[in-house]
Number of protein chains: 2
Amino acid sequence: MSSAKTKCLDGDACQVRVIHLDRVERARRETVSEKELNWLSSIYKVLGDPSRLKIVMALRNVEMCVCDLAAFLGLTESAISHQLRRFKDLALVKSRREGQVIYYSLDDEHVAELLNIGLAHVTE
Amino acid sequence: MSSAKTKCLDGDACQVRVIHLDRVERARRETVSEKELNWLSSIYKVLGDPSRLKIVMALRNVEMCVCDLAAFLGLTESAISHQLRRFKDLALVKSRREGQVIYYSLDDEHVAELLNIGLAHVTE
DNA sequence: AGCTTATCTGAATATATGTTCATATATTCA
DNA sequence: TGAATATATGAACATATATTCAGATAAGCT
């Protein structure tokens, strides 16, 4: 309803088509910063892989070491280690050394929430 | 504590190292099916891209058409259309035709929840 | 019917990503 | 100290993916 005709947007060459300028401007006003957007998407992304999802799902209940996870997933210990590093880089998983063994566990309440909602989605 | 020594797991050649057999078996008992795991990870994955995340964030508030979103994101309308199809394939976004214009909006309560938790994470 | 607008589709491409292999580091035990 | 165990790291490769371009549909307007 806002604008019946196609309009232009403030741009370099003004070649962008817009139908609802008000909605675009509202979206621009209400959007989070580019930085937050990238961070947030990287959190979803790290959960968006079957292997990694299986890892955090397991860590939801017990802390586990690399070779346990490797046995559980049926993957190389190296592969697990690589993936665990991605989680640690995002501060979603923490580690605890006990002799030669390093135990991994969840380090973020939000992640657990995200997983719970996902599970609710899957199990209807 | 469960087992001090490295053990083998029931496998083809029994070459898998395991430290905590009980934890691995528990994880196997409590894991969701491979099918559900793939589906769930594909939902996280589709949110795990800055452009797509920006799209659904915008759709959280208003329904928008392709060219609005293209103007908002600064991307080609084709690119937006491609991404919207991914959302539709997962039934996370629905569309409504009104003449030539097709309006897109969220079609899944769980996704909105996932986004809210993500935002809570970002905004502390 | 033609013309314009809005969206979709498929091919192409450059880039990102998951896993493996070989090797390095760190800790324990003899 | 040296051997064995647990994990980490870097290179390499095969696959996946996001975007663009060119062309195809589909609806409204004259």
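Here is what the cut-offs are and how they apply
Residues numbered from 1 in each chain as written. Chains lettered and ligands numbered in written order. Predicted model: local features only at pLDDT ≥ 70, side-chain atom pairs only at ≥ 80, totals over all residues. Buried ≥ 20, exposed ≤ 12 C-beta atoms within 10 Å, placed from the backbone. Helix = DSSP H or I, 4+ residues; strand = E, 2+ residues; numbered from the N terminus. Near = placed C-beta within 6 Å. Nonpolar A, V, L, I, M, F, W, Y, C, P; charged D, E, K, R; others polar. Axes fitted to C-alpha atoms, helices over the stretch in contact; angles between N-to-C directions. Parallel < 35°, antiparallel > 145°, perpendicular 65-115°, else oblique. Left-handed = near helix turned anticlockwise from the far one by under 90°. Contact = placed C-beta atoms within 7 Å.

How would you explain helix α3 (residues 50-59) of chain B if you had to name every residue and give the values?
In terms of burial, α3(B) is a largely internal element, eight of the 10 residues being buried. Turning to α3(B), its buried residues are B:Arg52, B:Leu53, B:Lys54, B:Ile55, B:Val56, B:Met57, B:Ala58 and B:Leu59.

Could you give me a rundown of the protein's contact with DNA strand D, with the residues and numbers involved?
Close to DNA strand D lie 26 residues; A:Cys65, A:Ser78, A:Ser81, B:Ser51 and B:Thr76 are nearest. Of all the elements in the fold, those that place two or more residues in the surface near DNA strand D are α4 (66-73), α5 (77-89) and β2 (101-106) of chain A together with α5 (77-89) of chain B. Looking at which element gives the most residues to the surface near DNA strand D, the answer is α5(A), with six residues. Of the residues in the surface near DNA strand D, the class split is nine nonpolar, 13 polar and four charged.

Could you give an account of the packing of helix α6 (residues 109-122) of chain A against helix α2 (residues 34-47) of chain B, with specific residues and numbers?
At a minimum axis separation of 10 Å, α6(A) and α2(B) run at an interaxial angle of 125°. The angle between the axes of α6(A) and α2(B) places the two elements in the oblique class. Where α6(A) crosses over α2(B), the handedness of that crossing is right-handed. Listed contacts from α2(B) to A:Gly118, A:His121 and A:Val122 of α6(A) are B:Glu36, B:Trp39, B:Leu40, B:Ile43 and B:Tyr44.

Now, about the environment of A:Tyr104: what can you tell me, with residues and values included?
Here A:Tyr104 shows up in strand β2. A sequence separation of 64 residues divides A:Tyr104 from A:Leu40, and the C-alpha atoms of the two residues are 22 Å apart.

Tell me about the interface of chain B and chain A, and name the residues and values.
Between chain B and chain A, the residue contacts involve 48 residues of the former and 48 residues of the latter. Elements with a minimum of two residues in the side of chain B that touches chain A: α1 (21-30), α2, α3, α4 (66-73) and α6 (109-122) of chain B. The leading source of residues in the side of chain B that touches chain A is α2(B), at 10 residues. Its residues assigned to classes, the side of chain B that touches chain A shows 28 nonpolar, nine polar and 11 charged.

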